[in-house]
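Residue-level listing of the chains:
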Amino acid sequence: MITISIDAMGGDFGPAVIIPGAAKSLERHPELRFVIFGQEDKVTPVLDGFERLKAASRFEHCEVAVRMDDKPSQALRQGRWKSSMWKAIEAVKNGEADVCVSAGNTGALMAMSKFCLRTMSSIERPAIAAIWPTLRGESIVLDVGATIGADARQLVDFSVMGAAMARALIEVKRPTVGLLNVGVEEIKGQEQVKEAGRLLRLADLPTLDYRGFVEGDDLGQGSVDVVVTEGFSGNIALKTAEGTAKQIAEYLRAAMSRTIMARIGYLLARGAFRRLRDKMDPRKVNGGVFLGLNGIVIKSHGGTDEEGFSAAIDVGYDMVRNALLQKIETDLRNFHGRFDQVIAEEATVTGNSE
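Quick caveat, the model's predicted, so the values are computed rather than measured. Chains are numbered independently. Their residues run from 1 in the order of the written sequence. Local features are withheld for residues below a pLDDT of 70 in this predicted model, meaning they are given only at 70 or higher, and side-chain atom pairs are given and counted only at 80 or more; totals for whole chains, interfaces and linings count all residues. For side-chain calculations, the full set of non-hydrogen atoms in the structure is used, while hydrogens and water are omitted.

A.B. asks: Give a detailed account of the overall build of the protein chain, specifying residues and quantitative values.
C.D. replies: Put simply, DSSP marks the helices as runs of H or I at least four residues long and the strands as runs of E at least two long, and each gets a number from the N terminus on. Looking only at helices and strands, the protein chain features 14 helices and 11 strands. Within these notes, the globule rule equals 2.2 Å times the number of residues to the 0.38 power, and the radius of gyration is based on C-alpha atoms. Computed over its C-alpha atoms, the radius of gyration of the protein chain comes to 21 Å, within 12% of the 20 Å expected for a compact globule of 354 residues. With the C-alpha coordinates aligned to their principal axes, the bounding extent of the protein chain is approximately 70 × 60 × 35 Å. By the convention used here, residues are in contact when the closest approach between their heavy atoms is within 4.5 Å. Long-range contacts, defined as pairs at least 24 residues apart, comprise 72% of the intrachain contacts of the protein chain with a sequence gap of at least 6. The accessible surface values rely on the Shrake-Rupley method and a 1.4 Å probe; as for residues, cover is taken only from the protein chains in view. Summed over all atoms, the accessible surface of the protein chain reaches about 16,500 Å², with 52% contributed by carbon and sulfur. Only four residue types enter the charge count: Lys and Arg as positive, Asp and Glu as negative, with His and the chain ends excluded. Think of each charge as sitting on NZ of Lys, CZ of Arg, CG of Asp or CD of Glu. Here the protein chain contributes 44 positively and 47 negatively charged side chains, and the mean placements of these two sets differ by 4 Å.

Right under this line is the structure:
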């Protein structure tokens, strides 16, 4: 049995999307249980329409709902201890739930998660990891918005955490990892990226296979299982990919309705177009995972529908079922032990104690 805590007030549509999304996940995973937090007058009327979900849930009224346009500091001041977002995160901290899922304000969710759950002892700053559809299947991309700017040590930590997530989600024994850069040559890129690459090569970790630098076009190709970058460029890459998918869908829709022959062609190739639509559907890969915290928090897109929110819950389910936190903790402990050893050996050879 896996328990999911839900911030029912998050997202652009609140309970109208959140509750049906949870009901869809329950259909796929009957062993799920839910703790739902929100404003009673808005949540209860929707929840009453899903008897099976209601029977598998505990509801707790919260007076405060974090707005989508609240600043993180404002959300902390007004919503700490009493908002539906805070209560859903706190349920993970208290052991009432295994994972928290929210479609709410990203900045507020990250601020509350860091304040409530705290980061793991060896992690300076957390990351948001996204599931990325590729020609080979799926890859993990991080960070896509939590940490703007990252030094070499943080990029290496992201690599370790991303590889642990790939092992939990994609179930690859030794995931391949690449650092996103402006070229694959070792002389290109920012100094912190080049230094992170050097450290990953020196560490030669058994839990990941470092393949060097990758470029933007490698994201869709699926050249590696895990692509690592800092949050500014990662978020731009994510939004660009989502926008391109919508653009292509609009182009196809317009082209298929332009002439009678095009419409006939669409009817003949309807199955192929349906498969293409499903492959490009961003709802199917909805759910960013906050990595580096003492608990699992999943961020759903705020504007998603019930199918998308259900997909975010499914990501949380998979993370718990495959023991993501334990994998990250073990990998980080082994890496930092190996890292300290490698740095000490390098200092002995070079005579540089720094």
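A.B. asks: Pulling in residues and values, what's your account of unusual backbone geometry?
C.D. replies: Note that the residue after leucine 142, namely aspartate 143, is joined by a cis bond; omega there is 0°. Locating aspartate 143 in the fold gives a position in the loop between β6 (137-142) and α7 (152-169). Within the chain, aspartate 204 stands out as a residue other than glycine whose phi angle is a positive 45°. Mapping aspartate 204 onto the fold places it in the loop between α8 (191-203) and β8 (209-214). Only protein chains enter the accessibility calculation, which uses a 1.4 Å probe; a residue is then buried when its area is under 20% of its type maximum, exposed when over 50%, and partly exposed in between. Using a relative accessible area of 54% as the deciding quantity, one classes aspartate 204 as exposed.

A.B. asks: Provide a residue-level description of the packing of helix α1 (residues 15-28) against helix α13 (residues 306-321), including the pertinent values.
C.D. replies: Two numbers describe how α1 lies on α13: the axes approach to 7 Å, and their chain directions differ by 55°. Judged by the angle between their axes, α1 and α13 are oblique. The hand of the α1/α13 crossing is right-handed. Residue-level contacts link Val17, Ile18, Pro20, Gly21, Ala22, Lys24, Ser25 and Arg28 of α1 to Glu306, Glu307, Phe309, Ser310, Ala311, Ile313 and Asp314 of α13. Think of it as three bins: nonpolar holds Ala, Val, Leu, Ile, Met, Phe, Trp, Tyr, Cys and Pro, charged holds Asp, Glu, Lys and Arg, and polar takes everything else, Gly as well. Taken together, the residues of the contact of α1 with α13 sort by class into seven nonpolar, three polar and five charged. Axes here refer to lines fitted to C-alpha atoms; in helices the fit is confined to the stretch in contact. Angles between the N-to-C directions go from 0 to 180 degrees. Should an angle fall under 35 degrees it is taken as roughly parallel, and over 145 as roughly antiparallel, whereas 65 to 115 is taken as roughly perpendicular and any remaining angle as oblique. Throughout, a crossing is termed right-handed when the near helix is turned clockwise from the far one, and left-handed when it is turned anticlockwise from it by less than a right angle.

A.B. asks: Describe in detail the packing of helix α4 (residues 72-79) against helix α6 (residues 106-117), supporting the description with residues and values.
C.D. replies: Contact pair α4 / α6: the axes reach a minimum separation of 8 Å and the direction vectors enclose 55°. If you check the angle between α4 and α6, you find them oblique. The two elements α4 and α6 cross, and the hand of that crossing is right-handed. Two secondary-structure elements touch here, α4 through Pro72, Ala75, Leu76 and Gly79 and α6 through Gly107, Ala108, Ala111, Met112 and Phe115. Of the residues that constitute the contact of α4 with α6, the class distribution is seven nonpolar, two polar and no charged.

A.B. asks: Now, about the environment of lysine 239: what can you tell me, with residues and values included?
C.D. replies: Among the structural elements, lysine 239 can be located in helix α10 (residues 231-256). Looking at lysine 239, the relative accessible area reads 48%, which means it is partly exposed. In sequence terms lysine 239 and valine 144 are 95 residues apart; their C-alpha atoms lie 9.3 Å from each other.

A.B. asks: Explain the pairing of β8 to me, and be specific about the residues and the numbers.
C.D. replies: Looking at chain direction, strand β7 (residues 176-180) and β8 are connected through four bridges and run parallel. Bridge pairing links leucine 180 to valine 214 in β8. What joins β7 to β8 is α8, and the crossover it makes is right-handed. One bridge is not enough; two strands pair if DSSP finds at least two bridges between them. Seen with its strands pointing away from the viewer, a crossover is right-handed if its path from the first strand over the helix to the second goes clockwise.

A.B. asks: Now, about the side chain of serine 25: what can you tell me, with residues and values included?
C.D. replies: Tracing the sequence through the fold places serine 25 in helix α1. Polar contact is the term for a pair of N or O atoms within 3.5 Å; when the atoms are in protein, one must be able to donate a hydrogen and the other to accept it, and sequence-neighboring residues count only if both atoms are side-chain atoms. Of the polar contacts made by the side chain of serine 25, one reaches the side chain of serine 310; its length is 2.9 Å. In this structure, serine 25 is in contact with Leu32, Ser310, Ile313 and Asp314, ignoring residues within four places of it in sequence.

A.B. asks: An account of the sheet that holds strand β1 (residues 2-7) is requested, with residue identities and associated values reported.
C.D. replies: An order of β3-β2-β1-β4-β11-β10-β5-β6-β9-β7-β8 is seen for the 11 strands of this open sheet, with the pairing classed as mixed. With one partner strand each, in any of the chains shown, β3 (57-61) and β8 form the two edges of the open sheet. Shown here is a sheet whose adjacent strand axes are inclined to one another by a mean of 25°, direction ignored. Strand contacts of α8: β7 and β8, with the helix running at about 160° to β8, the strand carrying the most contacts.

A.B. asks: Run through the pattern of salt bridges, naming residues and quoting values.
C.D. replies: Basic side-chain nitrogens of Lys or Arg form a salt bridge, by our definition, when they fall within 4 Å of a carboxyl oxygen of Asp or Glu. Applying the stated criterion across every chain, the model contains 19 salt bridges. Put simply, arginine 58 and glutamate 96 hold a salt bridge, and the shortest N to O gap is 2.7 Å. Of this pair, arginine 58 sits in strand β3 while glutamate 96 sits in the loop between α5 (84-93) and β4 (99-102); the two residues are 38 residues apart in sequence, bridging distant segments of the chain. Relative accessible area serves as the criterion here: at 38%, arginine 58 is assigned to the partly exposed category. Residue glutamate 96 is classed as partly exposed on the basis of its relative accessible area of 38%.

A.B. asks: Any chance you could break down the nonpolar core for me, citing the residues and the numbers?
C.D. replies: In globular proteins that are soluble, nonpolar side chains generally tend to be buried together. Residues belong to a common nonpolar core when they are buried Ala, Val, Leu, Ile, Met, Phe, Trp, Tyr or Cys residues joined through side-chain atoms within 4.5 Å. With 68 residues, the main nonpolar core has Phe34 and Met165 as its most contacted residues. The dominant element in this core, judged by the number of residues it contributes, is α7, at 12 residues. Once residues within four sequence positions are removed from consideration, phenylalanine 34 is found in contact with Ile4, Ile6, Ala22, Leu26, Leu53, Ala56, Ser57, Arg58 and Ile313.

A.B. asks: I'd like a description of the pairing of β7, backed by residues and values.
C.D. replies: Counting buried positions along β7 yields five of five residues, so the element is predominantly enclosed. Of the two faces of β7, both are covered, the one formed by Thr176, Gly178 and Leu180 as well as the one formed by Val177 and Leu179. Pairing between β7 and strand β9 (residues 226-228): three bridges, direction parallel. Among the inter-strand pairings, leucine 179 is bridged to a residue of β9, identified as valine 228.

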